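Commentary on secondary and tertiary structure
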Amino acid sequence: MPAKKQITKQTILNSAYELVRRGGVDALNMRAVADMCKCSTQPIYLSFRGADELRAAVLQKTCETFDAFIEREISAGKYPEYKAVGMGYIRFAVEEPELFKFLFMRKRESEEGFEKNSFDKSTFLIMKNYGLYKDDAFKLHAEMWIFVHGIATMFATGYLDWDWDTVSDMVTDVYQGLMWRRKQGEHNDNKH
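Residues numbered from 1 in each chain as written. Predicted model: local features only at pLDDT ≥ 70, side-chain atom pairs only at ≥ 80, totals over all residues. Heavy atoms only, no water.

Digging into a negative patch on the surface
The grouping of Asp163, Asp165, Asp169 and Asp173 at the surface amounts to a negative patch. For aspartate 173, the location among the structural elements is in helix 9 (residues 164-187). (Patch = residues over 30% accessible without salt bridge, like charges linked within 9 Å, V, L, I, M, F, W, Y side chains within 5 Å. Areas by Shrake-Rupley, 256 points an atom, 1.4 Å probe, with all protein chains shown as cover. Salt bridge = Lys/Arg side-chain N within 4 Å of Asp/Glu carboxyl O. Lys, Arg positive; Asp, Glu negative; His and termini not counted. Charge placed at Lys NZ, Arg CZ, Asp CG, Glu CD. Helix = DSSP H or I, 4+ residues; strand = E, 2+ residues; numbered from the N terminus.)

Structure representation (structure tokens):
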């Protein structure tokens, strides 16, 4: 009979996730995961084909954590649904800075499925709740995302420590300015 596997794949994944959560993506390596699991690297290689597969699994778990932040912010009902998405994004950066950096501050060759799906959902929210056509909703969301991402990045890197009401007011101000511009554009299509 083969030996019973003592360290589960889920235990390995949870340990790797915690390493990234606490120390950032640079803390993730097979030896560190083995040390955290109190085992050799062999069980890790039995569960994952290599560091890239483990890293991809940690990235997926991080995406799930991020989605939970967004859903929690929407469910709280404190903000309109679209604003709750932006505030959840910033809250994720505040409460989980290393996971935020891992998910949103890394080099990539192209847009990933998670990001496209997230962007599409937000664009749809704007179309549904604010009556904009797809192109305008997409552009509005892109502009809002750049602003919200900037605030979130400054929190995640320790550059900012503003109170939550200030952040909320700023997000509202930028959103209202961008919506005003869209509405003005309806009346002044030929003006720059």
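A few points about the nonpolar core
Judged by nonpolar contacts, the single largest core of 55 residues is most densely connected at Ile12, Val33, Leu54, Val58, Ile90, Phe92 and Phe100. Elements with a contribution of two residues or more to this core: helix 1 (9-23), helix 2 (30-37), helix 4 (51-76), helix 5 (81-95), helix 6 (97-104), helix 7 (113-130), helix 8 (134-156) and helix 9. If we ignore the near neighbours within four places in the chain, the residues touching leucine 54 are Ile12, Ala16, Leu28, Met30, Val33, Ile44 and Phe48. (Core = buried A, V, L, I, M, F, W, Y, C linked by side-chain atoms within 4.5 Å. Buried < 20%, exposed > 50% of the residue type's maximum accessible area, 1.4 Å probe, protein only. Contact = heavy atoms within 4.5 Å.)

As for the side chain of threonine 62
You can see threonine 62 is positioned in helix 4. For threonine 62, the residues in contact, after removing those within four places along its chain, are Tyr17, Phe92, Leu99, Phe102 and Leu103.

Coordinates in, geometry out; function isn't part of it.
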